[in-house]
Amino acid sequence: MTATVQPPVDVQAPYGPSAPPALPVIELVDVGKVYRSGSLEVTALSDVSLRIEEGEFVAVTGPSGSGKSTLMHILGCLDVPTAGVFRLAGHDVQALDEDQLADVRNAFIGFVFQQFNLLAYLPAWRNVELPLIYASVRPAERRRRSLAALATVGLADRAEHKPGELSGGQQQRVAIARALVTEPGMILADEPTGNLDSVSSADVLELLYELHRDGRTVVLITHEPDVARRAERLIQIRDGRVWAVGDEEAERQADADTADIDQPAGA
Ligand code: ADP
Ligand code: MG
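Every value quoted in this text rests on a predicted model; they were computed, and no experiment measured them.

Some thoughts on helix α2 (residues 68–75)
Thought 1: Across the 8 residues of α2, 6 count as buried, placing the element largely inside the fold.
Thought 2: Among the residues of α2, those classed as buried are K68, T70, L71, M72, I74 and L75.
Thought 3: In the segment just after α2, C77 is the residue with positive phi, at about 60°.

With respect to the sheet that holds strand β2 (residues 40–52)
Strand pairing in a sheet is mediated by backbone hydrogen bonds. Such pairs are either parallel or antiparallel.
Thought 1: Spatially, 4 strands are ordered β2-β1-β4-β5 in an open sheet, and the strand pairing comes out antiparallel. Lying at the two open borders of the sheet, with one neighbouring strand each, are β2 and β5 (91–92).
Thought 2: Here 9 bridges tie strand β1 (residues 26–37) to β2, and the two strands are oriented antiparallel to one another. If you follow K33 over to β2, its bridge partner there is L45.

Re the pairing of β1
Thought 1: Counting the residues between successive antiparallel strands, the hairpin from β1 to β2 contains 2 residues, one of them, G38, with a positive phi of roughly 60°.
Thought 2: As judged from the 5 bridges shared by β1 and strand β4 (residues 83–88), these two strands associate in the antiparallel manner. Each bridged residue has a counterpart across the sheet, and for G32 the counterpart in β4 is A83.

A look at the site of ligand 1
Thought 1: Around ligand 1 lies a shell formed by Y35, V42, A44, G62, S64, G65, S66, G67, K68, S69 and T70.
Thought 2: Sorting the residues of the shell around ligand 1 by element identifies β2 and α2 as the ones contributing at least two each.
Thought 3: If you tally residues by element for the shell around ligand 1, the top one is α2, at 3 residues.
Thought 4: Among the residues forming the shell around ligand 1, the class breakdown is 3 nonpolar, 7 polar and 1 charged.

Describing unusual backbone geometry
Thought 1: A positive phi angle is found at A89, which is not glycine, with a value near 50°.
Thought 2: Turning to its location among the elements, A89 is positioned in the loop between β4 and β5.
Thought 3: With phi around 50°, E191 is a residue other than glycine that occupies positive phi space.
Thought 4: For E191, the location among the structural elements is in the loop between β7 (186–190) and α7 (198–213).
Thought 5: With 21 C-beta atoms packed within 10 Å, E191 lands in the buried category.

Rules behind the numbers
Residues numbered from 1 in each chain as written. Chains lettered and ligands numbered in written order. Predicted model: local features only at pLDDT ≥ 70, side-chain atom pairs only at ≥ 80, totals over all residues. Buried ≥ 20, exposed ≤ 12 C-beta atoms within 10 Å, placed from the backbone. Helix = DSSP H or I, 4+ residues; strand = E, 2+ residues; numbered from the N terminus. Pairing = 2+ DSSP bridges. Near = placed C-beta within 6 Å. Nonpolar A, V, L, I, M, F, W, Y, C, P; charged D, E, K, R; others polar.

All we've got here are geometric facts, nothing functional implied.
And the structure:
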């Protein structure tokens with residue numbers, strides 16, 4: 001698939017003017033995130049360094065409150081780090097202004113959330129077309145692409161149904177269609193199966209795997225070990241720090257290593 005939404009020139013530049021937007025290579029170097037409200041500070045991420053290559057399927061896992069969603073917000077250009085460097089396709093994301101960040105999100109990234117985040121008063125296809133409205137795509141083209149995205153997730157016959165008339169699994173598939181409709185190179189899914197029964201969870205995961213097989217980069221955030229285990233690579237975070245990255249072999253090694261080390265207090 002090729003994306004028709006053009007990313008900002010400075011993001012597209014490394015691939016040449018005529019190349020379709022390439023999938024981003026993600027690079028985080030010593031990234032930290034501190035939330036401040038008044039005199040209170042919460043350190044959500046510390047010294048996170050990692051790289052995600054084009055076309056990878058990566059799971060990010062860790063207990064509740066470990067910083068997974070914060071990491072997703074940074075990867076998705078929804079928020080910026082308070083320390084370190086985040087590069088997307090070779091470009092320093094901190095150097096982009098709000099408008100450029102929005103352009104990057106719209107061109108490169110599809111989001112899927114635990115709560116589906118669908119608008120209850122709109123039929124499925126109207127929910128799916130929303131990112132195309134932000135991208136200034138014409139109405140007829142929006143409808144065509146929304147229906148195609150719904151067909152991709154197996155819901156061609158539910159286009160006129162409102163979210164309340166669909167099961168949880170179907171609602172999440174509508175949300176995935178909405179994430180897909182701009183044909184982004186990367187899908188970021190934050191606990192996408194968290195509100196689903198096991199059958200619907202399996203459907204949604206299978207769909208994410210299909211998107212990966214089509215060449216997309218998929219980052220799946222989950223605290224469910226059996227969901228995480230299916231990914232090609234697992235990034236495990238605890239207390240805002242990455243403590244294991246890699247394939248299963250690297251991970252067994254990390255498990256063996258950490259077993260020998262005294263855990264810091266609170267870990
Ligand atoms: P996870 O997704 O792994 O459950 P989060 O990234 O949501 O973890 O949160 C990591 C830490 O940052 C938690 O201690 C959480 O309370 C805190 N946190 C998250 N978002 C905010 C925010 N907007 N303001 C202040 N603290 C926050
Ligand atoms: Mg979370």
